[in-house]
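Analysis of the macromolecular model
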Amino acid sequence: MMPNQDVQNKAVRPTLFLGLGGTGKEVLLRLRRKFYERLGVTGLPCTSYLWLDTDTSDKDAKGEPMSDIFSAVAFKPEEQIGLLTGNVGGDLGDVFRNRQSWQHIHSWLHPQVEQFGAEIADGAGGVRAVGRLTYFFHFAKTINPRLSGALQGVGSFHAINDTQAFFHNRGLGAPDFLPQPTPQVFLVTSLAGGTGCGTFLDVLFHLRALSQHGGVPIERIVAILFMPNVFYANAADEVARRSYANAYAALKELEYYTLRVVDPAKELSIDFDVEWEPGTPQCIQGPPFAIANILEARNEDTILLQPSNRSELFSVVAESLFLDFIPGPFPDAKRSSYSNVSQYLAGNEGANASYENVELPQNFARRYASFGMSKIEIPIDPIKGACAA
């Protein structure tokens, strides 16, 4: 018998946390830290991490040294994929030397990447095409098996049993799982740099392909996307202007595939045509995600968070993700609220305009959201210590 809707909404889901670029790294390290501080582990048996980046050095999203507090929760080798270890010309030189073998890449790759980007190293240089190139290059041998393996692992019988035992042994009660739990994925990245912005759309549709045709069912995919003003208050210099341009292009593409308008030439809905492996083209049906949470540095009261304080926003996201996996009435209500809201975001929204008695029909996807969080904490342990002194 199927559980009632309330039980389904409140159930804990096996989860893959997928981080792209420096932003994905920062948020997921903060999430791991919250697990570690409160439960003594970096995640539950039914959760897993995978971080992909073109710069796997010990730096944050802006290239500054990471804080030492994250050393205890650093990603293990099996939890990360380095997309670039040297420079583009050295690591990916075969793509340019043997064009025929990599024709599935050259069908979309801009020639300027070879002409001007060979020396790009320690990241994607803010160039989306470089980020996407590294994803294609590592797809068959590394990314595809690691991603599918991570998804299969979190939803396995052993992972669910081990999670229930973990809760029981720590006196946390019994987590609610569905009879046949299906994994969910949280994808965290920014739309400012070349790595996350250049790979996120391929990653989303890769997940869709695994769910539709790869024998790895996924219940839902939730994207958490950071806008450029989290890092740059304005487009004042070349790097900032490129970041804002990256985000504009990425959001246009995301809306295009999310809305899935009809293409008169094909007489079909717009789907994602891609060839990650030579000779294996795919047409993947969208939309690519259930909900995309788009976060920027300005809140609804137009109060601006300075880029130097962006870690506060990263911590809010990490705390929100962590609350999905602890027992209590608030996490239950949070999971239930998410499930109730998501059903209303599936359709499109019309916003027609009129000019000189001519109706201009417009449709926009509604799968976008945002979130914030505030909380009141009582420092019980310091109070106890002061009273005992």
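Structure: see above.
Being a predicted model, the structure only gives us computed values, none of them experimental.

What to know about the overall build of the protein chain
- Assigned secondary structure in the protein chain consists of 13 helices and 15 strands.
- Expressed as lengths along the three principal axes of its C-alpha atoms, the size of the protein chain is roughly 70 × 50 × 45 Å.
- Considering only contacts in the protein chain between residues 6 or more positions apart, those separated by 24 or more positions represent 75%.
- Surface accessibility of the protein chain: about 19400 Å² in total, with carbon and sulfur atoms responsible for 52%.
- Computed over 33 positive and 42 negative side-chain charges, the separation of the two mean positions in the protein chain equals 3 Å.

Notes on unusual backbone geometry
- Looking along the chain, the bond that leaves glycine 286 and enters proline 287 is cis, with omega of 0°.
- On the secondary structure map, proline 287 appears in the loop between strand E9 (282-284) and strand E10 (291-295).
- You will see that asparagine 357, though not glycine, has its phi angle at about 65°, which is positive.
- Residue position: asparagine 357 is located in the loop between strand E12 (353-355) and strand E13 (358-360).
- With a relative accessible area of 80%, asparagine 357 lands in the exposed category.

Thoughts on the sheet that holds strand E5 (residues 220-226)
- Reading across from one edge, E3-E2-E1-E4-E5-E10-E15 is the order of the seven strands in this open sheet, with parallel pairing throughout. Taken across any chain shown, the strands that pair with only one partner, and hence form the sheet edges, are strand E3 (80-82) and strand E15 (368-369).
- As defined by bridge partners, strand E4 (residues 184-190) adjoins E5 across seven bridges and the pair is classed as parallel. When the sheet's bridge partners are listed, glutamine 184 is paired in E5 with arginine 220.

Details of a nonpolar patch on the surface
- A grouping of Tyr355, Val358 and Leu360 is seen on the molecular surface, where their side chains present a nonpolar patch of about 300 Å² in accessible area.
- Residue position: tyrosine 355 is located in strand E12.

Quick notes on the nonpolar core
- Residues Leu18, Leu52, Leu133, Phe200, Leu207 and Trp276 are the most contacted members of the largest nonpolar core, which totals 57 residues.
- For this core, the element with the highest residue contribution is helix H7 (residues 128-154), accounting for ten residues.
- In this structure, Leu39, Leu44, Phe177 and Tyr232 belong to the second largest nonpolar core, which totals 39 residues.

Notes on the pattern of salt bridges
- If you walk through the whole model with that rule in mind, you get ten salt bridges.
- For arginine 38, the salt bridge identified is with glutamate 319, shortest N-O distance 2.8 Å. Of this pair, arginine 38 sits in helix H2 (residues 21-39) while glutamate 319 sits in helix H11 (residues 310-322), and the two are 281 residues apart along the sequence.
- Accessibility expressed as a relative area gives 39% for arginine 38, which makes it partly exposed.
- Among the ionic pairs, arginine 242 bridges to glutamate 238, the shortest N-O distance being 3.5 Å.

So, the pairing of E10
- Burial within E10 is extensive, with four of its five residues counted as buried.
- As defined by bridge partners, E5 adjoins E10 across five bridges and the pair is classed as parallel. Bridging across to E10, phenylalanine 226 finds its partner in leucine 295.
- Bridging between E10 and E15 involves two bridges; their strand directions are parallel. Note on E15: the bridge partner recorded for alanine 292 is tyrosine 368.

Rules behind the numbers
- Residues numbered from 1 in each chain as written.
- Predicted model: local features only at pLDDT ≥ 70, side-chain atom pairs only at ≥ 80, totals over all residues.
- Heavy atoms only, no water.
- Helix = DSSP H or I, 4+ residues; strand = E, 2+ residues; numbered from the N terminus.
- Contact = heavy atoms within 4.5 Å.
- Areas by Shrake-Rupley, 256 points an atom, 1.4 Å probe, with all protein chains shown as cover.
- Lys, Arg positive; Asp, Glu negative; His and termini not counted.
- Charge placed at Lys NZ, Arg CZ, Asp CG, Glu CD.
- Buried < 20%, exposed > 50% of the residue type's maximum accessible area, 1.4 Å probe, protein only.
- Pairing = 2+ DSSP bridges.
- Patch = residues over 30% accessible without salt bridge, like charges linked within 9 Å, V, L, I, M, F, W, Y side chains within 5 Å.
- Salt bridge = Lys/Arg side-chain N within 4 Å of Asp/Glu carboxyl O.
- Core = buried A, V, L, I, M, F, W, Y, C linked by side-chain atoms within 4.5 Å.

Geometric values such as these leave the question of function open.
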